[in-house]
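# Notes for the structure review
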Amino acid sequence: MSKQPTYKRLKQVVFALIIGLLFLPMIQHKFRFYEEVPLKGAYELSLKPELTKESWFSGEYQEAQDKYMREHTGFYPGWVRLYNQWNYTFFNIAHAKDVIRGKEDYLYEESYIKAYYGMDFLGENRIQDITRMWKAIQDTLAGKGIKLTVIFAPGKASFYPEYIPDQYKREIRGNTNYKEFKEQFIRQDVSYIDMHSWFESMKKKSKYPLFPKTGIHWSAYGQYLAVDSIRKYVSHSCKTSIPYFVLDKMVESKSPKRDDDDIGNGMNLLFGIPDLTLAYPEFHPNRKPQKGDPKVLVIGDSFYWGLFNSTVSASLFNDGEFWYYNEQIYPASYTKEVLVKDQDLDKKLKENKVVFLLITDANLSSFSFGFLQMAAKEYGIE
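Model, not experiment: these values are computed from the prediction.

Helix and strand counts for the chain come out as 15 helices and 10 strands. With 382 residues in all, the chain has 47% of them scored as buried.

What follows is the structure in structure tokens.
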């Protein structure tokens with residue numbers, strides 16, 4: 001018996017499978033028969049464009065429609081992850097904004113490396129002037145019964161300089177904003193909490209990692225330590241006892257949870273990057289906030305998000321607010337955006353006994369995120 005018919009049938013089956021695979025994304029796009037895992041991070045899918053006469057003849061509609069169809073094609077998230085994994089594994093390329101792959105798969109954002117080497121240094125004179133104005137604002141608020149304090153949060157590159165990739169290393173490390181601000185704060189008697197150097201001092205003796213490999217912020221365990229320190233500072237400054245967190249248990253995990261994998265998630269890889277054995281404290285407040293408890297405002301960058309989401313402001317700081325980058329006010333902005341610029345600044349500040357500026361070294365070149373200028377204008381400080 002001839003094998004020709006069998007061979008021919010096999011070719012037809014293979015051809016049909018190939019054609020079927022080519023049409024599979026289109027079928028998925030139409031019917032969504034398979035539930036896909038959305039891409040993570042700051043990635044947002046484009047919206048279906050509206051066809052107008054102007055957008056058609058300008059070509060804007062065609063470009064927008066092409067992008068829309070590409071991003072909404074069936075299995076698009078999977079193809080993106082495959083592409084990202086391929087480039088990460090074989091070409092050492094991280095397809096995420098400003099993300100740098102360090103040694104042993106420690107991930108960084110470029111701004112933290114620049115801050116560590118002083119590449120974003122503002123200059124001694126500029127920092128001296130900023131500190132002088134900040135001191136004047138600090139004294140003005142002190143006269144109103146408000147304690148203004150800067151919290152230097154640690155930075156990933158400063159904490160793990162040994163894993164910075166060789167192509168980013170510099171033989172000479174210049175002066176840094178963190179170092180100069182700290183020196184000027186000491187000279188001009190500015191109130192601050194130095195968690196930057198505190199975390200570095202605990203690096204070798206900490207029971208659990210204070211920074212994860214695949215996250216840019218301090219670990220959940222590091223945040224827990226930070227909360228305890230900040231709470232004690234508030235209690236001492238206000239000369240009163242405030243609520244504190246009671247530790248129920250410490251849960252170890254070899255897989256990062258919460259925000260400890262924020263960069264890794266944003267890279268959208270097929271396979272997760274193995275991390276350290278991390279610790280996740282489970283806790284509860286010892287009591288509810290009371291009427292006489294001091295209210296605390298935190299103006300800060302993303303390093304405060306983990307603390308805020310752990311109910312630090314709600315449970316320990318008497319429902320104090322979080323001014324994210326001195327722009328949106330939380331928790332109010334969860335329901336409708338509320339902006340700092342639209343507020344009566346003096347009135348808002350008077351609601352608090354303590355005002356913190358929490359800032360990591362990568363953001364010191366944008367010190368206070370405009371709060372300094374707003375407060376200086378409010379109180380006539382030049």
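So much for the structure itself; the text now carries on.
With that settled, the discussion passes to the packing of helix α6 (residues 124–142) against helix α15 (residues 371–379). Running from N to C, α6 and α15 cross one another at 55°; their axes reach a closest spacing of 10 Å. Here α6 is positioned oblique relative to α15, judged by the angle of their axes. With respect to the hand of their crossing, α6 and α15 are arranged in left-handed fashion. Here I130, M133, W134, I137, T140 and L141 of α6 lie close against α15, whose contacting residues are F371, L372, A375, A376 and Y379.

Attention shifts here to the pairing of strand β3 (residues 147–153). A large share of β3 lies buried, amounting to six of its seven residues. Summarising the sheet, β3 and strand β10 (residues 354–360) pair through seven bridges and their orientation is parallel. Counterpart to V150 in the pairing with β10 is L357. Across three bridges, the pairing between β3 and strand β4 (residues 192–194) is parallel.

The next subject is α6. End to end, α6 covers 26 Å across 19 residues, agreeing with the expected 27 Å (1.5 Å per residue, within 8%). Where α6 is buried, its residues contact β3, α8 (177–187), α14 (345–349), β10 and α15.

This brings us to the sheet that holds strand β9 (residues 328–330). An order of β4-β3-β10-β7-β8-β9 is seen for the six strands of this open sheet, with the pairing classed as mixed. The sheet terminates laterally at β4 and β9, the two strands that pair on one side only. Within the sheet, the average angular offset between the axes of one strand and its neighbour, ignoring direction, is 20°.

With that settled, the discussion passes to the environment of S310. Checked against the element boundaries, S310 lands in the loop between α12 (305–309) and α13 (312–315). Those residues within four positions of S310 in sequence are excluded, and the remaining contacts are F245 and F283.

As a further point, take the packing of aromatic side chains. Where two aromatic rings form a pair, the distance of their centres and the angle of their planes describe that pair. For the structure shown, the criterion picks out 37 aromatic pairs. When the centroid spacing of 6.1 Å and the interplanar angle of 50° are considered together, the rings of F185 and Y192 count as tilted. Given a relative accessible area of 1%, F185 falls into the buried group. Three or more aromatic residues joined by ring pairs form one cluster here, namely Y106, Y112, F159, Y160, Y163, W198, F199, F211, W218 and F303. Above the face of the Y88 ring, R101 is positioned so that its terminal group lies 3.8 Å from the ring centre. It is K156 that lies over the ring of Y108; its NZ or CZ is 5.6 Å from the centre.

The next point concerns the pattern of salt bridges. Taken as a whole and assessed by the stated rule, the structure comprises 15 salt bridges. In this structure, the salt-bridge partner of R187 is E183, at a minimum N-O distance of 4.0 Å. With R187 and E183 both in helix α8 and four residues apart, the pair spans about one turn of that helix. A residue is classified by how much of its surface remains accessible, and R187, at 56% relative accessible area, is exposed. Judged by its relative accessible area of 29%, E183 is partly exposed. Connected via shared salt-bridge partners are K135, D139 and D189.

A separate point is unusual backbone geometry. At the junction of Y330 and P331, the peptide bond is cis and its omega measures out at 15° in the coordinates. In this structure, P331 sits in the loop between β9 and α14. Located in the positive-phi region is D105, a residue other than glycine, with phi close to 65°. On the secondary structure map, D105 appears in the loop between β1 (99–101) and β2 (107–109).

Counting residues in each nonpolar core, the largest one holds 57 residues, and the members touching the most others are Y108, W218, Y304, F317 and F356. With seven residues, the single largest contributor to this core is helix α10 (residues 220–238). Each residue touching Y304, except ones within four places of it in the same chain, is listed here: V298, V312, S313, F317, F322 and L358.

Definitions and cut-offs
Residues numbered from 1 in each chain as written. Predicted model: local features only at pLDDT ≥ 70, side-chain atom pairs only at ≥ 80, totals over all residues. Heavy atoms only, no water. Helix = DSSP H or I, 4+ residues; strand = E, 2+ residues; numbered from the N terminus. Buried < 20%, exposed > 50% of the residue type's maximum accessible area, 1.4 Å probe, protein only. Axes fitted to C-alpha atoms, helices over the stretch in contact; angles between N-to-C directions. Parallel < 35°, antiparallel > 145°, perpendicular 65-115°, else oblique. Left-handed = near helix turned anticlockwise from the far one by under 90°. Contact = heavy atoms within 4.5 Å. Pairing = 2+ DSSP bridges. Expected span 1.5 Å × (residues − 1). Phe/Tyr/Trp six-rings, centres within 6.5 Å; stacked < 30°, edge-to-face > 60°. Lys NZ or Arg CZ within 6 Å of the ring centre and 35° of its normal. Salt bridge = Lys/Arg side-chain N within 4 Å of Asp/Glu carboxyl O. Core = buried A, V, L, I, M, F, W, Y, C linked by side-chain atoms within 4.5 Å.

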